[in-house]
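One-letter residues, chain by chain:
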Amino acid sequence: MKQQMKKYMWIVYVIGASICIAVLSHLFILNEWLGESYFIGIRDGMSQILPFKQLLYDNYTSGNFFYAEHFGMGGGTYGQLGHYYSTSIVFIITVIITYLLEIIGIIQHPTLEYWADATLIVSMIRMVVILVVSTIFIRYLGFKTRFAFIGAIIYATSTIYFRHVVYWEPFADAMIWLPLVFLGIERIIRGKSSVLFIIAVAVSMMDNFYFAYIHFIIAMIYILGRNIIRFDTDIRTTGAQVLRYLLGGLAGLGLSAFAFVPSVIGYVQNDRPLFSEEFAMMDMVDNPLLDGKMIVIPAIIIASLWLFQLYSSRLFRLFAILTGIMIMMHVSPYVASIFNGFSAPQYHWEYAFMLVGGVVVTYVLTHAQRLSRKSVFIAFIGTLITYSIFYVMGEGITWSADSIYSLVIATIALGLVWLLFVWKRSNMTQYILIGTIIGTSIWIANGFQAEKVTFAGTDEEVKKKWVQSDEYNGRYQNELIDLLHVREKDPLMRIDWMIPEQNNTPLVRQFRGFSANSSVLNKHILHFYWHDLMIDMGQESVSRYGSLGDRTNLFSLLYGKYKIDKIDEGEVPFGFEEVTKVGPYVAYENTHALPFARTTSTVYTEESLKRAHPIEKERAMIDGVILDESTESEPIESIEAEEIMNVSVETNGSTYEDEQLHVTEETGGLDLVIKDATEQTGDYYVSFYIKRQDQDQIYDLTVNEYETSRQKNTSIDRTGIDEVLIRVPAEEVLSIRVPEGEYVVKDIQIYHESYETLVEETKRQEKEKEIFVAMDKNKIYMNVDNQENDSFVTIPVPYEKGWSAQINGKRADVLRANYSFISIPIDAGENEITLTYIPPYFIEMSLLSTLTCCGLMIFRKKT
């Protein structure tokens, strides 16, 4: 028994050492956290990560696993948030522990502040797990535990880990699973069971489908390398391996299908425009040796690659070549695009070459005693040359930067200790070398936290008091929202309020709104904004939607009853009246709100409105319903919009010729002067094409009092849609203003909206009996008394695959209506309707996962 315990004591030592390394690697942010800062990014971290954690925790602990009515205008969370936390193993464990702590009374119900605090604790625990798992993998390659642990430190404390934790925390979990994938591959090659490979594939695919794809590419590279450079311990042939990989991969897919497939479907139901800007084959987006914003390669890895004496070893040769190849891959935007699904270049995969680089360092330390002085001298010179080349190639590097000083000092210290070891080889100097490697790794990690991710001492740092400020979740805003809920007592009402650049404000404050920010969103809603209705969101972006461009027709159609704004800022939409104020904020009520559910027999088709103006589409939705498929369509003459033709174009601080606008002053543009404008009431919808030519940067665009912003041409957040449509009150002069520069401006059109259609429908609905509607978790209940024998009932709930309906106990169709919402065919008389949302194929995939698990249990000896 004692002998058995002694055999596994190394695990206890590794866990203890890992805890020490994890704490030391977080020292800087620990100090900041004990003060007044959070370990989270001010943009995606605060606008996505924290709200999603809170949303999923509240949903999961209340038994709602699939849908959230205040995620944007409503959406499936299981699939759309699979890119984040919905199936994240680390997050689910955190939820379970948090819920237990809440039940037994140790903590109160978690808030956003709780999740911000938990980020640091979870990060340190996650790093301990990464250190242990990667040590096991490197040790399996034949190294002693103490040396394997050093390689694991190189990997676990790599700067990309901290970047992921701060900006996209679920991405950091992938660093747990990659060593498991490699270990599973090694066991197959060495003739062992495929079980670990199957488990590693399954957890990768279940945890995050995006990183499962990245791991697939990296695993293919590793398998190829291992079969080109084979070890003496290898047993299985390439053919036998391939069979195991295929069967094991399919088994892993089967086990994870209940999570992986819905997440992939959620991604497919998203729409991210193709990145149209060209990028170079090779382009150093950052300097990974001296000024890495994503990854910083330790000097010991670079020095190890120059130790030509060790290349006679097949193991060293393999991992050194893999490290070198991956460093070259890092400076290629094309590779970054491939790893991002052939979309815009993204650099999320680089932790992989820190793992193989850690193996290289482990090998060097293991065989350091036999290195010749000549070999070390060559490596020392080679390292200096490498750093000199990267310094010359690097742009914007200044020796005054604290991060550069830290890296240079760490590199010099490591070089001196390395020379000391070569000059006097002993156990003592070897331990000094190991200590220096550990120390510089911890130093670089803490320096990176200060300089590159938390931006300590700058406006980018997330202060604890900022979470309760007006820029995120302020007191006055919350009081005003509470007052509106007391005033209305309508759980279905929507409020148009979004803090600038915080599109998940409805999640933060937990109210039904019009905005969302996520990498994966419902494509029908995105198309509704971008193409169908051309709704300006105040900020161009591919990963968010928000507000309704102050267009009253849309407010009324989508059950927008209130709008919140700062006092004396922005324009009040048509038909909105002030109802209350709190501090610097004011709330306006929509006096032309339509019911949440409406019935109709008036049908228009998307095809018949294909060339219609957005005003005409709005009127069609008010008058009836727009369906994507129908045998008949109402004529559109009754909803035709009036184009303003008598318009003159005048310049202001600019010149305009042949569609080229040259703004010569700080701000300038065009004035659209409309004759007889004094006779008009309501609003003008002004549309035009605009694209900046001279500078690649974000710029503000205003039309009268309405403000919006456009992305720079090379931004990965750019929609590629250069036609804009702005609603403004009907006035004689419409002033288009942009900053100084060169622009293409063309296709200017102005249409008038008098709101007669909306006013008439509002009056008609006042006489109609209101339809009962209730929402509970992933279900919607309606009671429609169809005395008028209408054909459809329509609700402003986003359509997506996964909705099913029953009317009076019988299955009914769920139609996509009004471009992106739900309509259901109804019968005459009473219609008891139940809508249920379950992610597409979730039940089938859960059955497949269960059968796969049972099959593996039965045939486990053959795997």
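Summarised in this report is the structure supplied together with it. In this text, all values refer to a predicted model and were calculated from it rather than measured experimentally.

Reading the values: rules and limits
- Residues numbered from 1 in each chain as written.
- Predicted model: local features only at pLDDT ≥ 70, side-chain atom pairs only at ≥ 80, totals over all residues.
- Heavy atoms only, no water.
- Pairing = 2+ DSSP bridges.
- Helix = DSSP H or I, 4+ residues; strand = E, 2+ residues; numbered from the N terminus.
- Axes fitted to C-alpha atoms, helices over the stretch in contact; angles between N-to-C directions.
- Contact = heavy atoms within 4.5 Å.
- Phe/Tyr/Trp six-rings, centres within 6.5 Å; stacked < 30°, edge-to-face > 60°.
- Buried < 20%, exposed > 50% of the residue type's maximum accessible area, 1.4 Å probe, protein only.
- Expected span 1.5 Å × (residues − 1).
- Arc of directions from axis to C-beta.

## Section: the sheet that holds strand β6 (residues 560-566)
Part 1 of the reasoning: One open sheet accounts for 4 strands, arranged β3-β6-β8-β7; its pairing is mixed. In this open sheet, the two strands that pair with only one neighbour each are β3 (494-496) and β7 (576-582). Neighbour to neighbour, the strand axes of the sheet diverge by 25 degrees on average, direction disregarded.
Part 2 of the reasoning: Two strands pair when backbone bridges link them, and β7 and strand β8 (residues 585-590) are joined in this way by 6 bridges, in the antiparallel orientation. If you follow Val 582 over to β8, its bridge partner there is Tyr 585.
Part 3 of the reasoning: Contacts between helix α22 (residues 475-488) and the sheet are confined to β3, β6, β7 and β8, with β7 contributing the most and set at about 125 degrees to the helix.

## Some thoughts on the packing of aromatic side chains
The description of two aromatic rings rests on the distance between their centres and on the angle between their planes.
Part 1 of the reasoning: Counted by the stated rule, this structure contains 42 aromatic pairs.
Part 2 of the reasoning: Seen from their ring centres, Phe 52 and Tyr 84 are 4.8 Å apart, and the 65 degrees between their planes marks the pair as edge-to-face. Of this pair, Phe 52 sits in helix α4 (residues 44-61) while Tyr 84 sits in the loop between α5 (77-80) and α6 (89-103); the two residues are 32 residues apart in sequence, bridging distant segments of the chain. Here the two residues Phe 52 and Tyr 84 agree in accessibility, since each one is buried.

## Thoughts on the sheet that holds strand β21 (residues 772-776)
Part 1 of the reasoning: Read across the open sheet, the 5 strands follow the order β21-β22-β28-β24-β25; overall the sheet is antiparallel. Where the open sheet ends on each side, the last strands, each with one partner, are β21 and β25 (810-812). Put simply, the sheet's adjacent strands are angled 25 degrees from each other on average, direction ignored.
Part 2 of the reasoning: Looking at chain direction, β21 and strand β22 (residues 779-786) are connected through 5 bridges and run antiparallel. Each residue of the ladder has a partner; that of Val 773, found in β22, is Met 782.

## Details of the pairing of β21
Part 1 of the reasoning: Every second residue of β21 is oriented toward a common face, the buried set being Val 773 and Met 775 and the non-buried set Phe 772, Ala 774 and Asp 776.
Part 2 of the reasoning: Connecting β21 to the antiparallel partner β22 that follows it, the hairpin turn spans 2 residues, and Lys 777 within it adopts a positive phi of roughly 55 degrees.

## Things to note about α22
Part 1 of the reasoning: Between the first and last C-alpha of α22 there are 20 Å, a value that for 14 residues agrees with the 20 Å anticipated at 1.5 Å per step.
Part 2 of the reasoning: Within the span of α22, buried status applies to Gln 477, Asn 478, Leu 480, Ile 481 and Leu 484. All buried residues of α22 project into a common sector of 160 degrees when viewed along the axis, lining one side. What points out from α22, more than 90 degrees from its buried face, is the exposed set Arg 475 and Val 486.
Part 3 of the reasoning: Where α22 is buried, its residues contact β3, α23 (505-509), β6, β7 and β8.
Part 4 of the reasoning: Lys 489 sits one or two residues past α22 and shows a positive phi near 55 degrees.

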